[in-house]
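Working through the structure, step by step
Residues per chain, in single letters:
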Amino acid sequence: MKEKFFTLLGFSQQRDSLKTEIISGITTFVTMVYILALMPVIFAPLSEQGFPIQSLFTATALSAIVGTLFMAFIAKRPFGLAPGLTLNTFFVETVCLTMGYSWQFALTAVLVEGLLFVLICVSNLRQIIFEMVPTTLKYAFATGIGFFVAMIGFKNSGILAEGTIFNHMETLTTPTSLLFLLGLLMTGLFTVMHIKGGLLLSILIVTVVGLPAGVTMIPDELISMPASPLPLLCQFDFEYLMWPDFWVCVTTMLFFDVFDTLGTVVGVMASAGIIRKNGRIPHMRSIMLSDALATVSGACLGCSPVTTYVESSTGFAEGGRTGVSALVTALCFAVSLVFSPIFLAIPTSATAPAMVVAGFFMFAVVRHIKVTFYLESMPAFLTILLMSITGSICDGILTGLISYIILSYTYGYMAKFKKAKRNSQ
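A brief structural summary.

**Quick notes on empty space enclosed by the protein**
- The tally for this structure, following the rule as stated, stands at two cavities of 30 Å³ or more.
- Estimates place the volume of the largest cavity at around 50 Å³.
- Taken together, F117, I120, R126, I129, F130, V258, L262, M284 and M288 form the lining of the largest cavity.
- Grouping the amino acids of the lining of the largest cavity by side-chain chemistry returns eight nonpolar, no polar and one charged.
- K19, T20, I23, K196, G197 and E318 are the residues that line the second largest cavity.
- In terms of residue class, the lining of the second largest cavity is built from one nonpolar, two polar and three charged.

What follows is the structure, encoded as structure tokens:
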């Protein structure tokens, strides 16, 4: 019975280690648990519209649980899912505050976007989108996301300011920065020594060391009962389907959701060596479908689009490869519903080093990019550069694809022109 259950998650006792998968799942959860605290802050301006902020914490945790369980049982891969930062900002700042629409309008748009994403996944359109990306660009996604993840780690430490520049030198001596540097040293050392669970171990050590340093704050309570999610459940209004602006919002969300997921999945999987010679990635259809279903379920629970988290790269760095890791991540989110004060007490200076090292592992695939093949290596360079500068996975992907298409068609046209000219002579 036990073996059959693990088989459902893609786990093989001959190939995989249960201990590794558990550590991987916990590590992924610890690096993405911040979303539970951040979501209510982002959505706070909507409280004037009657948005039930207290229910959002519960809805966020539940959407992460359901979405990650989809990934565990359908795709059998160790990705963690939760409401995405780019899209929840678009939800609040653009749709509700700038455009002036209600949060019910935005939630309905999320539902429709998710359903369209599902249709893309079950049709040939998903395969067309995936196969239009050259293998070199897929490796560029991994490299670019590696820099992107590492930059998030440095920004969370307080050392790196917005705009990808260093703060003043005195920031290197703050307790938060010193703990980050200590964690980075330990994480790097554990990695060099091939210590299993090194990322998670360094997170725990820095969290404990942060207590006397005043960085890790002891919560006032250890247990906190979650608020009811019912006020947010299925709050849709389908009369908006006839409004032109509604479909503008749906299209924008769908665009970002598809390409953010594509970039994250391709990047993380390529860095883990799970990519075939023809550039294809096993179970890509089921991974994307899991993400799409997570968006639909998240909308029903009252959340902005749920997406695959780039923080999953930390779980991959710990050796996670199956759905068991994702199941552990989902279980951790379930536990966080009650013990949220404990998990939210983990400082960013403790998780930031793990993200930097995970970024290093993703960067390592740059060796597969043939720099001398300029037709593909130049767009790959632009992908990596723009992903880092703009802080957007989607912007990096678009820059790489557009530059590749323009170069390819221009080069092909000029080659045909030269050939025709030679034949005429």
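So much for the structure itself; the text now carries on.
**What to know about the nonpolar core**
- Ranked by internal contacts, the top residues of the largest apolar core, which has 114 residues, are F43, F91 and L262.
- When residues in this core are grouped by element, the largest group, 13 residues, is from helix α11 (residues 244-271).
- Excluding residues that lie within four positions of it along the chain, F91 makes contacts with F43, L46, C96, W103, A106, L107, V110, M253 and S304.
- Within the second largest apolar cluster, seven residues are counted, among which are L9, F11, V324 and A326.

**A closer look at the packing of aromatic side chains**
- In total, this model carries 23 aromatic pairs according to the counting rule given.
- Measuring from ring centre to ring centre gives 6.1 Å for F5 and F73, while their planes differ by 65°; the resulting arrangement is edge-to-face. On the criterion of sequence distance, the pair formed by F5 in helix α1 (residues 2-8) and F73 in helix α4 (residues 53-75) is long-range, its members being 68 residues apart.
- By relative accessible area, F5 is classed as partly exposed at 35%.
- Ring geometry for F51 versus W103: centroids 5.1 Å apart, planes at 85°, classification edge-to-face. Placement of the pair is F51 in the loop between α3 (34-43) and α4 and W103 in helix α6 (residues 103-122), with a sequence separation of 52 residues.

**Considering the pattern of salt bridges**
- Considering all chains together, one arrives at one salt bridge under this definition.
- Among the ionic pairs, D16 bridges to R15, the shortest N-O distance being 2.8 Å.
- Taking the relative accessible area as the measure of exposure, R15 reaches 59% and is therefore exposed.

**Structural notes on helix α7 (residues 124-131)**
- Inspection of α7 places R126, I129 and F130 among the buried residues, and these make up the whole buried set. The buried residues of α7 occupy an angular sector of 95° when projected down its axis, which confines them to one face. Exposed side chains of α7 directed beyond 90 degrees from the buried face belong to N124 and I128.
- Where α7 is buried, its residues contact α6, α8 (135-157), α11 and α12 (284-301).

**Concerning the layout of surface pockets**
- Roughly 860 Å³ of volume is contained in the largest pocket.
- The element best represented in the lining of the largest pocket is α8, accounting for five residues.
- Approximately 480 Å³ is the volume attributed to the second largest pocket.
- As for the second largest pocket, its lining consists of 27 residues, of which T191, F316, A317, E318 and F361 are closest to the centre.
- Counting only elements with at least two residues in the lining of the second largest pocket, the list comes to α9 (175-192), α10 (198-213), α11, α13 (312-317) and α15 (348-363).

Procedures and definitions
- Along every chain, residues carry numbers that run from 1 in the direction the sequence is written.
- In keeping with the predicted nature of the model, local features appear solely for residues at pLDDT of at least 70, side-chain atom pairs appear and are counted solely at 80 or more, and the whole-chain, interface and lining totals rest on all residues.
- Computation of side-chain values: all heavy atoms of the structure, hydrogens and water removed.
- Here a cavity denotes a set of grid points, spaced 1 Å apart and computed over the protein atoms alone, in which a 1.4 Å probe fits but from which it cannot get out, and a pocket denotes an open set meeting protein on both sides within 12 Å along at least five of seven lines; residues with an atom within 4 Å of a point are reported as lining.
- Grid points are joined across faces, edges and corners, and a volume is the space filled by probe spheres set on the points.
- When residue character is reported, Ala, Val, Leu, Ile, Met, Phe, Trp, Tyr, Cys and Pro are called nonpolar, Asp, Glu, Lys and Arg charged, and the others, Gly included, polar.
- Think of a nonpolar core as a cluster: buried Ala, Val, Leu, Ile, Met, Phe, Trp, Tyr and Cys residues, connected wherever their side-chain atoms sit within 4.5 Å.
- Remark: exposure states derive from per-residue accessible area (1.4 Å probe, protein chains only) relative to the maximum for the residue type, with buried under 20%, exposed over 50%, and partly exposed in between.
- Helix and strand labels come from DSSP, where a helix needs a run of H or I of at least four residues and a strand needs a run of E of at least two; each type is numbered from the N terminus.
- Working rule for contacts: check all heavy atoms of both residues, and any pair within 4.5 Å makes them a contact.
- Aromatic contacts are taken between Phe, Tyr and Trp rings whose centres are within 6.5 Å, Trp giving its six-membered ring; a plane angle under 30 degrees counts as stacked, one over 60 as edge-to-face, and the others as tilted.
- The working definition used for a salt bridge is a side-chain nitrogen of Lys or Arg within 4 Å of a carboxyl oxygen of Asp or Glu.
- Directions drawn from the helix axis to the C-beta atoms are what define this arc.

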